[in-house]
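# Breakdown of the fold
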Amino acid sequence: MGNIHTVGPNEALIVSGSCFGSTQKRTIVGGYAWAWWLVTDVQRISLEVMTLNPMCEYVETAQGVPLTVTGVAQCKIMNEDELLTTACEQFLGKTVKEIKMTVLHTLEGHLRAILGTLTVEEVYRDRDQFAGLVREVAAPDVGRMGIEILSFTIKDVYDDVQYLASLGKAQTAVVKRDANIGVAQANRDAGIREAECEKSAMDVKYATDTKIEDNNRMFKLQKAQFDQEINTAKAESALAYELQAAKIKQKIRNEEIQIEVVERRKQIEVEQQEILRREEELVSTVRLPAEAEAYRLQAIAEGKRTQTVEAAKADAERIKVLGLAEATAIGDVGKADAERMLAKAKVYKQYGDAAIMALVLEALPKIAAEVSAPLAKTDEIVLVGDSGATGEVARLAGGIPPALKTLTGLDISQVLKRLHPNASPDENLLASASKKKEVVAC
């Protein structure tokens, strides 16, 4: 029969002995082990930290001054296999108090030995060095027992001969002196430092004020930009709202127009149906009677047209007969005019320029009448110049021959020159007639 033993990480389990007579020991930390009844021995040893308070009373230093020193040490059994085996060989079966006493006596012995080699000043002023020295000297001896010194510090140092108090008084006087000097220097440095700090504070204040003003300016600029952006956004929003409202109104209006278009289409369809109905009504009430009346009138018109055509044919025959008679009469008159003109041509040819002159003289009164026709519409004529009315009349009369030459190509002056007094009676007659015509023309 056997039993199971468990152990935590703060203890070590030492199992020795077995059914096979083996002398090998096993150490288990934070685990379990199987043990046989009456054959296997199971023991425990603590691995927890042990606090020791070593104390050495009236130990003479290198100067012969008796001192009393107290310290605090933290120790524990090491859990490495070899060191744990060593600790088990030395402390297995002992209580924790017994283990503490063993380590404590060792530490106190080393503490006494080291105190004998140091002066009071070395012990008092540099306790850390003293404690480190004790730990360094005692660690090998304690380590051979499987014990590790985790820490060692000097708790207190005092004496009964007022040696430390005297050192304290001297040190106090030195400290006071140094303190007074330090106070004076500190006051001086404080004044200098205060002035420097005040200057720095003013510089900082001015710099801070400058930064504040710059920040205020930047804030105002940023605020103005933000206000501008906000106003722009508001304006855009308002415009967008109005635009959206306009679009919605436009859509509504488009829908209304579509509705109106549909209504108009329906109305058109209704009107178209009404038109068709009215057309049918007109066809039945107007068109058919009108067609009957038109057919009756057409028949009457056909009869009247036939009557008119026959009457027109009769009138045409009558007009034709009358036209033939008139044509015969006109032909006879034309022949007579032609014969008269032929006779005139023969006479003009016989008389030559005199005959042409006679024709011109016959036309002069008409030409003079046409020329003077605009003057007949004039109420008053004012003649400016020394020659007066006689000169103007003479000038007008003198312009007639060139005008006649331009119109007819006949030079009246040359014709009149040829009309000399020794001419024949007919030529004198023409000359007198020419003079008479000129007077009348003027």
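Residues numbered from 1 in each chain as written. Predicted model: local features only at pLDDT ≥ 70, side-chain atom pairs only at ≥ 80, totals over all residues. Heavy atoms only, no water.

### Describing the sheet that holds strand S3 (residues 25-29)
Strand pairing in a sheet takes place through backbone hydrogen bonds and is either antiparallel or parallel in direction. An order of S3-S2-S5 is seen for the 3 strands of this open sheet, with the pairing classed as antiparallel. Across the chains shown, the open sheet's two edge strands, defined by having one partner strand only, are S3 and strand S5 (41-46). For this sheet the average axis-to-axis angle between neighbouring strands, irrespective of direction, equals 25°. By the bridge criterion, 6 bridges tie strand S2 (residues 11-16) to S5 in an arrangement that is antiparallel. Bridging across to S5, Val15 finds its partner in Val42. (Pairing = 2+ DSSP bridges. Helix = DSSP H or I, 4+ residues; strand = E, 2+ residues; numbered from the N terminus. Axes fitted to C-alpha atoms, helices over the stretch in contact; angles between N-to-C directions.)

### A closer look at helix H1 (residues 81-91)
For an α-helix the count is 3.6 residues per turn, leaving residues at separations of three or four pointing the same way. For H1, every residue scored as buried is listed here: Leu84, Ala87, Cys88 and Phe91. One side of H1 carries all its buried residues, which in axial view fall inside an arc of 105°. Facing away from the buried side of H1, by more than 90 degrees, are the exposed residues Glu82 and Glu89. Contact partners of the buried residues in H1: S2, S3, S5, strand S8 (66-77), helix H2 (96-115) and strand S9 (147-158). Positive backbone phi, at 100°, marks Gly93, one or two positions downstream of H1. (Buried < 20%, exposed > 50% of the residue type's maximum accessible area, 1.4 Å probe, protein only. Arc of directions from axis to C-beta. Contact = heavy atoms within 4.5 Å.)

### Some words on the pattern of salt bridges
Taken as a whole and judged by the stated rule, the model has 13 salt bridges. Between Lys199 and Asp203 there is a salt bridge, and its shortest N-O distance comes to 3.1 Å. Of this pair, Lys199 and Asp203 both sit in helix H5 (residues 163-351), 4 residues apart, roughly one helical turn. The partner of Arg278 in a salt bridge is Glu274, and the shortest N-O contact between them spans 3.4 Å. (Salt bridge = Lys/Arg side-chain N within 4 Å of Asp/Glu carboxyl O.)

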